[in-house]
Amino acid sequence: KGLPPSLRYLPIIESGYSPGAVSRARAVGLWQFMEPTAKGFGMGVTPLLDERRNPFKSTEAATDFLLQLRSQFGSWFLALAAYNSGPYRVQRLLETRAPLVPPSDSLFWALRRFLPKETQDYVPKFFAAALVAENLAAHGLEPPTDTAAFTFDEVVVPDATTLDVVAEAAGASLEEIERLNPEIVRGMTPPDRETILRVPAGQGWQFRERYALIPPEERDARSERRAALEA
């Protein structure tokens, strides 16, 4: 979408690239969305499904949000400050401290001391993360070699289905299905709607064949989680 490539490193300081990260303020996911903001960008947040944990939907929303903030504040530094502390706080600061000053990156540094401590450190931390990530060897680091590839086939389940049933139909472990679908937060897809899930690459055909053979009444009855959800 034309964003600076360095923004790919923003999740380093937001979540450590963990889809399951939850802050003390209850921000969630790679990009640490609060629930109202997430819903405003079309992500579902329910007891069964939290799309802030979906690395694709949350990244799509984050890029839209960052572009919106850049357009609003006319500066990437101010946009990043607003991403961290909220656009209302930054807008209010500009209106009270620099109402006639054109927006610029230098304006962020001039007003930095009036922002919350976390936000004061946010832009410097981002640039530090980007600098290190782009120059690992210069900082005595090596690229990770033990990360599991995030490759998959997409499949559709028509109704409430527990992930252990999905794993069985796909010929995969429950742990792998959970890793590929971090947005399914209580082990079962939502009822009365289709859900797109990810299964290991090359196993989509197997899932579709096997899943079609499972009676609908058994698709959410093979897990102890169902009793817990209904309790």
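Given the structure is predicted, the values throughout are model-derived calculations rather than measurements.

How each quantity is defined
- Residues numbered from 1 in each chain as written.
- Predicted model: local features only at pLDDT ≥ 70, side-chain atom pairs only at ≥ 80, totals over all residues.
- Heavy atoms only, no water.
- Core = buried A, V, L, I, M, F, W, Y, C linked by side-chain atoms within 4.5 Å.
- Buried < 20%, exposed > 50% of the residue type's maximum accessible area, 1.4 Å probe, protein only.
- Helix = DSSP H or I, 4+ residues; strand = E, 2+ residues; numbered from the N terminus.
- Contact = heavy atoms within 4.5 Å.
- Pairing = 2+ DSSP bridges.
- Expected span 1.5 Å × (residues − 1).
- Bend = angle between axes of the 7 residues up to and from the residue.

Caption draft 1: Spatial organisation of the nonpolar core. Residues Leu-10, Trp-31, Phe-33, Leu-66, Leu-80 and Tyr-83 are the most contacted members of the largest nonpolar core, which totals 34 residues. Looking at this core, the elements with two or more residues in it are helix H3 (55-73), helix H4 (76-85), helix H5 (87-97), helix H6 (105-111) and helix H7 (117-134). Looking at this core, the element that brings in the most residues is H4, giving 8 residues. Excluding its chain neighbours within four sequence positions, the residues that come into contact with Phe-33 are Arg-26, Ala-27, Val-28, Ala-38, Phe-41, Met-43, Arg-52, Ser-58, Ala-61, Ala-62, Phe-65 and Tyr-83. Of all hydrophobic cores here, the second largest spans 17 residues; its members include Val-155, Leu-163, Ala-167 and Tyr-211.

Caption draft 2: Region of interest: the pairing of strand E2 (residues 195-200). Taking burial as the measure, the 6 residues of E2 include 5 buried ones, the bulk of the element. With 6 bridges joining them, strand E1 (residues 152-157) and E2 adopt antiparallel strand pairing. Within E2, the residue paired with Val-156 across the bridge is Ile-196.

Caption draft 3: Here's a closer look at H7. The terminal C-alpha atoms of H7, which comprises 18 residues, lie 26 Å apart, in line with the 26 Å expected from a rise of 1.5 Å per residue. Its maximal kink placed at Val-123, H7 deviates by approximately 30°, while the proline Pro-124 follows within four residues. Within H7, the full set of buried residues consists of Thr-119, Gln-120, Tyr-122, Val-123, Phe-126, Ala-129 and Ala-130. Residues of H7 that are buried make contact with helix H1 (10-14), H4 and H6.

That's the geometry; what it means functionally is another story.
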